[in-house]
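Each chain, letter by letter, is given below.
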Amino acid sequence: KDLLTVPRIVNDFRILVSRLEGLEIEIEGIRLKYYYNQAQAKLKQMKELFADGEYPRIEMIHGEVTKLTQEMEQTNARYKPVAEQILAASNRWVTRAQVRQDFQARRPNIQGIVISDNQKMALLNDRVIKQGELMDDFRVVKVESNKVTFRYKGEEIPLVFRRY
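Residues numbered from 1 in each chain as written. Predicted model: local features only at pLDDT ≥ 70, side-chain atom pairs only at ≥ 80, totals over all residues. Heavy atoms only, no water.

Some points on the pattern of salt bridges
At step 1: Summed over the entire model, instances satisfying the criterion amount to nine salt bridges.
At step 2: In this structure, the salt-bridge partner of E84 is K80, at a minimum N-O distance of 4.0 Å. Of the two residues, E84 and K80 are both situated in helix α3 (residues 80–106); the distance of four residues between them amounts to about one turn of the helix.
At step 3: On the basis of relative accessible area, E84 is assigned to the partly exposed category, the value being 43%.
At step 4: In this structure, R96 engages E155 in a salt bridge whose closest nitrogen and oxygen atoms are separated by 2.7 Å. Taken together, the residues R96 in helix α3 and E155 in strand β7 (residues 155–160) connect sequence positions 59 residues apart.
At step 5: Judged by its relative accessible area of 32%, R96 falls in the partly exposed class.
At step 6: Residue E155 is classed as buried on the basis of its relative accessible area of 7%. (Salt bridge = Lys/Arg side-chain N within 4 Å of Asp/Glu carboxyl O. Helix = DSSP H or I, 4+ residues; strand = E, 2+ residues; numbered from the N terminus. Buried < 20%, exposed > 50% of the residue type's maximum accessible area, 1.4 Å probe, protein only.)

Quick look at α3
At step 1: With 27 residues, α3 should reach 39 Å at 1.5 Å per residue; the first-to-last C-alpha distance of 39 Å fits that figure.
At step 2: Against the buried residues of α3 lie α1 (7–52), α2 (55–75), β5 (138–143), β6 (147–152) and β7. (Expected span 1.5 Å × (residues − 1). Contact = heavy atoms within 4.5 Å.)

Some points on unusual backbone geometry
Glycine aside, residues mostly have negative phi angles, and peptide bonds mostly take the trans form.
At step 1: A positive phi is found at N125, a non-glycine position, where the angle reads about 50 degrees.
At step 2: Classification of N125 by relative accessible area gives partly exposed; the value is 36%.
At step 3: Positive phi, normally seen in glycine, also occurs at D126, with a value near 65 degrees.
At step 4: Classification of D126 by relative accessible area gives exposed; the value is 65%.

Here's what the structure looks like:
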């Protein structure tokens, strides 16, 4: 800037610099939209993996979401609230996946289901448990003819009863 001495070039340079400031604001908006769209795609992928029962892969995607949110914050400090919301949603998927994995490791064996007019029960690990009762750390929330739904650490988890 100090080396410019021709008045016309100095004026053109000043105009270019003022336009660059406006472009930087537009570019920041484009970046935020890019990061946001990337993060939304990752959260959608986490939801699909959760539905498919692929819980270990959710933690891998969570790592990618964490990196995206860090890049968002490094790009502009004003992106922090959005980055925090995205990270919180990702954390919820990871927590739910961890609860499901823990449940899978300790899940009871459904040996039978008994449904009468006034009571619903399931035979779980050689014990008869009524709907609504606790069994170890699991609450039997619902007993149906083909499945039993448990509540474990705030997560409702259905298990299908396979007779054969």
